[in-house]
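# Results of the structural survey
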Amino acid sequence: QKSPASLQGFMAWLRAADTEVKRDMEIARDEIRVMTVHGAKGLEASVVFLVDTTTSPADTSRMNLIRLPGDGDTPGVVLWAGRKADDLPAVGSARSAMKEETEDEYRRLLYVAMTRAADRLIVGGILPGNVKAVREHSWYDLVEKGLGASGLQAQQIETTHGPVKRYTRPEDVESQATAAPVPVAAAEESLPTWLHQPAPP
């Protein structure tokens, strides 16, 4: 309202304003938060669910804009690349380098996501309809391989929705004498009837 909208004007206003950005670090509230991994940096919760772990950004992002690095005094350029089969050698190597960068960032975000959990980390994912196995080097694959080689106690629990693998430290498992096993059928609750009814207009 005071001046024409511009990036420079906004930055000048932001610098001049007495504004302090605070992140809410409170985790004791009784609520569920749905967040991206970037948004969860610096936060922690008792239980964390990782739900989309079977795909990678490299699977869905079409790399049509390819960054060709500069050479000495020559600056780098960005070009629009067509089909991968038509790539020139320089474009092909630049495309491969960009894919590796994407995969590296994807793995770094897995570390951030896993370390948000204070007590329990629940990892799940859905396979696309045309895929029969978990994608290699996806978060799910990396977590499964890492936990499988970690020396943790592994337990496979059969449920109506398929097998569930549980990894625990020996000191976190109660002795069988003090904790009687709960049958899987009794542990699963029936779904509420409203879940199968169409929502009202």
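The structure we're discussing is the one just above.
Residue numbering note: each chain is counted from 1, following its sequence as written. It should be noted that, the model being predicted, local features are given only for residues of pLDDT at least 70 and side-chain atom pairs only at 80 or more, the latter also being counted only at that level, while totals for whole chains, interfaces and linings use all residues. No hydrogens and no water enter the side-chain calculation; it runs on all heavy atoms of the structure.

Here we take up the overall build of the protein chain. Secondary structure assignment for the protein chain yields five helices and six strands. Along its sequence from the N terminus, the protein chain presents helices and strands in the succession α-β-α-β-β-α-β-α-β-β-α. Burial statistics for the protein chain: of 201 residues in total, 17% are counted as buried. We call two residues in contact whenever any of their non-hydrogen atoms come within 4.5 Å of each other. At a minimum sequence separation of 6, the contacts of the protein chain that also span at least 24 residues come to 56%. Using the Shrake-Rupley algorithm and a 1.4 Å probe, accessible areas are obtained, with residue cover drawn only from the displayed protein chains. Accessible surface for the protein chain amounts to roughly 16,400 Å². Of this, 57% is attributable to carbon and sulfur atoms. Only DSSP runs of H or I with at least four residues qualify as helices, and only runs of E with at least two residues qualify as strands; both kinds are numbered from the N terminus onward. Only protein chains enter the accessibility calculation, which uses a 1.4 Å probe; a residue whose area is less than 20% of its type maximum is buried, one above 50% is exposed, and one in between is partly exposed.

Residues qualify for a patch when their relative accessible area is over 30% and they have no salt bridge, like charges being joined within 9 Å and the nonpolar side chains of Val, Leu, Ile, Met, Phe, Trp and Tyr within 5 Å. Salt bridges are defined as contacts in which a side-chain nitrogen from Lys or Arg sits within 4 Å of a carboxyl oxygen from Asp or Glu. On the surface, a cluster of nonpolar side chains totalling about 530 Å² of accessible area is made up of Leu7, Phe10, Met11, Trp13 and Leu14. Exposure remark for Trp13: the relative accessible area of 54% places this residue in the exposed category.

Attention now moves to the side chain of Thr53. Secondary-structure assignment places Thr53 in the loop between strand S1 (45-50) and helix H2 (57-60). Since its relative accessible area comes to 1%, Thr53 is described here as buried. We define a polar contact as two N or O atoms separated by no more than 3.5 Å, with the added condition that, inside protein, one atom must be a possible hydrogen donor and the other a possible acceptor, whereas residues neighbouring each other in sequence contribute only through side-chain atom pairs. In terms of polar contacts, Thr53 uses its side chain to reach the backbone carbonyl oxygen of Gly124, at 2.5 Å. Setting aside its immediate chain neighbours within four residues, Thr53 contacts Tyr106, Val123, Gly124, Gly125, Ser138, Trp139 and Tyr140.

Our next topic: helix H4 (residues 139-148). Within the sequence span of H4, burial applies to Trp139, Asp141 and Val143. Against the buried residues of H4 lie helix H3 (89-114) and strand S4 (117-123).

To continue, consider the pattern of salt bridges. In total, this model carries eleven salt bridges according to the counting rule given. Across the pair Arg107 and Asp104 runs a salt bridge, and its minimum N-O distance is 2.4 Å. Linking Arg107 with Asp104, this pair stays in helix H3, spanning three residues, or about one helical turn. Salt bridges sharing partners connect three or more residues here, namely Glu136, Asp141 and Lys145.

Before going further, it helps to spend a moment on the pairing of strand S5 (residues 153-159). Think of it this way: DSSP has to see at least two bridges between two strands before they count as a pair. Both S5 and strand S6 (residues 162-168) contribute to a ladder of seven bridges, which runs antiparallel. Each residue of the ladder has a partner; that of Ala154, found in S6, is Tyr167. Between the antiparallel neighbours S5 and S6 lie two residues.

On to the side chain of Arg116. Inspection of the secondary structure assignment puts Arg116 in the loop between H3 and S4. The charge count includes Lys and Arg as positive and Asp and Glu as negative, but it does not include His or the ends of the chains. Of the side chains with opposite charge, Glu44 comes closest to the buried, unpaired Arg116, at an N-O distance of 6.6 Å. Within the structure, Arg116 has its side chain in polar contact with the backbone oxygen of Leu43 (distance 2.8 Å). Dropping the residues within four chain positions of it, Arg116 is found in contact with Ala40, Lys41, Gly42, Leu43, Glu44, Ala45 and Val48.

For the rest of this paragraph, the subject is the packing of H3 against H4. Running from N to C, H3 and H4 point in directions that differ by 60 degrees, and their axes come no closer than 11 Å. Taken together, the axes of H3 and H4 are oblique relative to one another. Here the hand of the crossing between H3 and H4 comes out right-handed. Contact residues: H3 offers Tyr106, Arg107, Leu109, Leu110, Ala113 and Met114, while H4 offers Trp139, Leu142 and Val143. For the contact of H3 with H4, the class distribution of residues is eight nonpolar, no polar and one charged. To get an axis, a line is fitted to the C-alpha atoms, and for a helix only the part in contact is used. The angle between two axes follows their N-to-C directions and goes from 0 to 180 degrees. Orientation labels follow simple angle bins: below 35 degrees gives roughly parallel, above 145 gives roughly antiparallel, 65 to 115 gives roughly perpendicular, and whatever is left gives oblique. Left-handed describes a crossing in which the near helix is turned anticlockwise from the far one by less than a right angle; the clockwise case is right-handed. Just so you know the grouping, Ala, Val, Leu, Ile, Met, Phe, Trp, Tyr, Cys and Pro go in nonpolar, Asp, Glu, Lys and Arg go in charged, and all remaining residues, Gly too, go in polar.

Moving on, we get to unusual backbone geometry. Its identity is not glycine, yet His137 carries a phi of approximately 70 degrees, on the positive side. For His137, the position within the fold is in the loop between S4 and H4.

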